[in-house]
Structure formats: structure tokens, C-alpha cells
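Descriptive structure summary
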Amino acid sequence: MKIGLGTVQFGVDYGVSNKDGKTPAAEVAAILAAADELKVRVLDTATLYGDSEQVLGHCLPAAAGFDIVTKTPQFAKPVLDADDAERLQQVFHESLTKLNCDSVYGLLIHRADDLFVPGGERLMAALTGLKQQGLVAKIGVSVYDSAQIDQILQRFDIDLVQLPISVLDQRLLVSGHLQKLKTAGVEVHARSVFLQGLLLMDVSEIPAYFAPVRHVLEAYHAFVRARGLTPLQAAVGFVSGLTEIDQIICGVNNAQQLRDICDAANVELDCGEFAGFAIGAEAIVNPALWRLEPGKS
């Protein structure tokens, strides 16, 4: 199963198309039970996702064999020192306690730029130490762009990368960085495959912020309809069809959404047919840069 479960919604309100808010604990339990049944292997969380780790710790089925990936704090300092490396380790041990587990599959540097300031190598050394202790199977980083990937591969030995890719955001595919990571033996987890639900929204509901690319979205939806696909099948199928992608991290609000995503991942598509919908503008494809006005569309 190539689908992994993102859990940010378990800890905070998240997503431009999410009208339900934070997922209730009872529904989290139902989602995790469905994930276990569907052979979903990876759960993605982070210390910055509100109380997501704690919710997982309370709701995880006792016999489930999930591979949990969590992330470090963000430091955002001009220089990092031994205290920051110690904080990383302390927060990680707190994550283990919240998750109610002895070890995790993956630990990622949440803010890649933290690695590139003076002292940043201390963070990766701390991750390596945790791996050597058997507390983490794979260490790596969450990235946004090709420049970060280049710097990381030049300076560090990593096992795992999480990165954004979608029908609209094909930058790392076109630049060859997906292949570069696979050549280096790095496991690749895709995120933002729905762009927080933007790719699944009816065109009439798209916020005004996206007006400059409305014509692309209209053309995309017309293309999807002409192929006899649903927006979900197209969005998941495009990323699922990329051989460089090992896991597709998808957030859901209920168990049925997870079932639908897993079903959609079985649709075989020609990824090259989607090349014309790629958008290079980072202000569109990077949700961190979005400036949406609540209640307006």
C-alpha cells in the first residue's frame, strides 16, 4: 500500500477545504482501524501538529504495526548550539511518551533551513545518535524545494525525505530531483498531493486568491471529466504513478475518506498527460505562502 496517513487534522484545524475542523477522538479511532484494515503502513505526525501525537498514543490499536514518522521542533535561529541539539533529543523523547511507543520508523528535521545555519550539523548529529540507539529506523528531513535537496545531499547522509508534489506542483519531477533522491537510495514520501484539498474542490468554491490560475483549474477539471475520472482519482493517481514516490501522505477527516483514497490509488494513469497542468508559481503551490481571507471565495 503506497498510501500513508497524515495526522495533522487529529491535532489542529487544517486545510483550505476542511469544513469539519479538528477530527474528534472517536473518528480518529475509526480512521486508524480502517488504516489497519486497508494495510496502510505509515502514519505521519509532528510535535508541531497540536496534540496529534498524544491523540495517536491514546487511539492506536494495540496490535497495529504502523510505521510512525514524526518531526523535530523548528528552531529558526541564526546559529545553533549544543543546547538546541539537546532540546531536539528531549522533545523527541517526549514524542515517544505521547505516542506511547518505544521507537519510531522515521524522524525528520521539520525545517530544512535549520540544517544550513552555523551549528546546523548538530541537529543531524543528534538524529544520527538517536538512530544508533535504535530509537529511530530512518532519519531525514522535510523539504520544500530543489535547492534544499541539493544542499542536504551534499552535506548529510539521510534515509528519508518528505516533499511536496501534486498535479499543480511538478517542480521536483521536472527538475529531476525525485530521480536524484532515488539514485541516492533515499526513501521519498510525498505530501500536499491535494494542495490542502484545493484539487478536490469544485471550481465554484475556489477562494479568490487562486483567481490567477482559475483557468488552469477549470481546464484540469474538464480534462479529468473527459477521462471519466473523479478529481480524487486524478490527484492520487498522478502521484501514485510516479515510480520515485514510495509513500503518499494523505490527511483525512473520516474513515470513509481514507477508503476512497486507497481505492483511488489503484487507478493507473499516464503521469505525462498531466504535464500541462504544472504551475511554477510558488505562491500558488506552496500553502505556507497562501493569503486567504476567511469566508471569502
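Refer to the structure presented above.
I will try to describe carefully the structure that is included in this document. (Residues numbered from 1 in each chain as written. Predicted model: local features only at pLDDT ≥ 70, side-chain atom pairs only at ≥ 80, totals over all residues. Heavy atoms only, no water.)

**Let's talk about the pattern of salt bridges**
Note the threshold: A carboxyl oxygen of Asp or Glu within 4 Å of a side-chain nitrogen of Lys or Arg is what we treat as a salt bridge. The secondary structure listing takes helices from DSSP runs of H or I that are at least 4 residues long and strands from runs of E that are at least 2 residues long, numbered from the N terminus. Residue burial is assigned from relative accessible area. The probe radius is 1.4 Å, only protein chains are included, and a residue is buried under 20% of its type maximum, exposed over 50%, and partly exposed in between.
Tallied over the entire structure, the rule returns 14 salt bridges. Across the salt bridge formed by Lys131 and Asp159, the nearest N and O atoms sit 2.9 Å from each other. Separated by 28 residues along the polypeptide, Lys131 in helix α5 (residues 121-132) and Asp159 in the loop between α6 (146-155) and β6 (160-164) bring together distant segments of the chain. Look at Lys131 and you get partly exposed, because its relative accessible area is 32%. Across the salt bridge formed by Arg171 and Asp169, the nearest N and O atoms sit 2.7 Å from each other. One network of salt bridges, in which partners are shared, links Arg41, Asp67, Lys138 and Glu187.

**Quick word on helix α3 (residues 52-59)**
Going by this rule: What makes two residues a contact is simply this: any of their non-hydrogen atoms within 4.5 Å.
For α3, a buried count of six out of eight residues is recorded, marking the element as mostly surrounded by other parts of the structure. Residues Ser52, Glu53, Val55, Leu56, Gly57 and Cys59 constitute the buried set of α3. Elements that come into contact with the buried residues of α3 comprise α1 (8-11), α2 (25-37), β2 (42-44), β3 (67-71) and α4 (82-99).

**Remarks on unusual backbone geometry**
Unlike most non-glycine residues, Lys39 shows phi in positive territory, near 65 degrees. On the secondary structure map, Lys39 appears in the loop between α2 and β2. Located in the positive-phi region is Asn100, a residue other than glycine, with phi close to 60 degrees. Within the secondary structure, Asn100 is located in the loop between α4 and β4 (104-109).

**Re α2**
Inclusion rule: Take the number of residues in a helix, subtract one, and multiply by 1.5 Å to get its expected span. In this context, the arc is that of the directions from the helix axis out to the C-beta atoms.
Along its 13 residues, α2 runs 18 Å from first to last C-alpha, staying within 8% of the 18 Å computed at 1.5 Å per residue. For α2, the complete set of buried residues consists of Val28, Ile31, Leu32, Ala34 and Ala35. Buried residues along α2 cover an arc of 160 degrees about the axis, so they all sit on one side. Projecting away from the buried face of α2 at angles above 90 degrees are the exposed residues Ala26 and Glu37. Looking at the residues trailing α2, positive phi occurs at Lys39, about 65 degrees.

**With respect to the layout of surface pockets**
Here is the rule: Method remark: on a 1 Å grid restricted to protein atoms, a set of points is classed as a cavity if a 1.4 Å probe fits but cannot get out and as a pocket if it is open with protein on both sides within 12 Å along at least five of seven lines; lining residues have an atom within 4 Å of a point. Grid points are joined across faces, edges and corners, and a volume is the space filled by probe spheres set on the points. Residue type decides the class: Asp, Glu, Lys and Arg count as charged, Ala, Val, Leu, Ile, Met, Phe, Trp, Tyr, Cys and Pro as nonpolar, and the leftover types, Gly among them, as polar.
There is about 230 Å³ of room inside the second largest pocket. Taken together, 15 residues form the lining of the second largest pocket, with Leu60, Ala64, Ile68, Asn100 and Cys101 sitting closest to its centre. Breaking the lining of the second largest pocket down by element, the ones donating at least two residues are α3, β3 and β4. Of the residues contributing to the lining of the second largest pocket, the split by class is eleven nonpolar, three polar and one charged.

**Section: the packing of aromatic side chains**
As a reminder of what qualifies: Under the pairing criterion, centres of Phe, Tyr and Trp rings, with the six-membered ring standing for Trp, must be within 6.5 Å; the plane angle then separates stacked pairs below 30 degrees from edge-to-face pairs above 60, leaving the rest tilted.
For the structure on display, the rule yields six aromatic pairs. Between the aromatic rings of Phe223 and Phe274, the centroid separation amounts to 5.3 Å while the plane-to-plane angle is 75 degrees, which identifies the pairing as edge-to-face. One end of the pair, Phe223, is in helix α9 (residues 214-226); the other, Phe274, is in the loop between α11 (255-264) and α12 (282-285), and 51 residues separate them in sequence. Each member of the pair, Phe223 as well as Phe274, carries the same accessibility label: buried. Through successive ring pairs, a cluster of aromatic residues spans Tyr220, Phe223, Phe238, Phe274 and Phe277.

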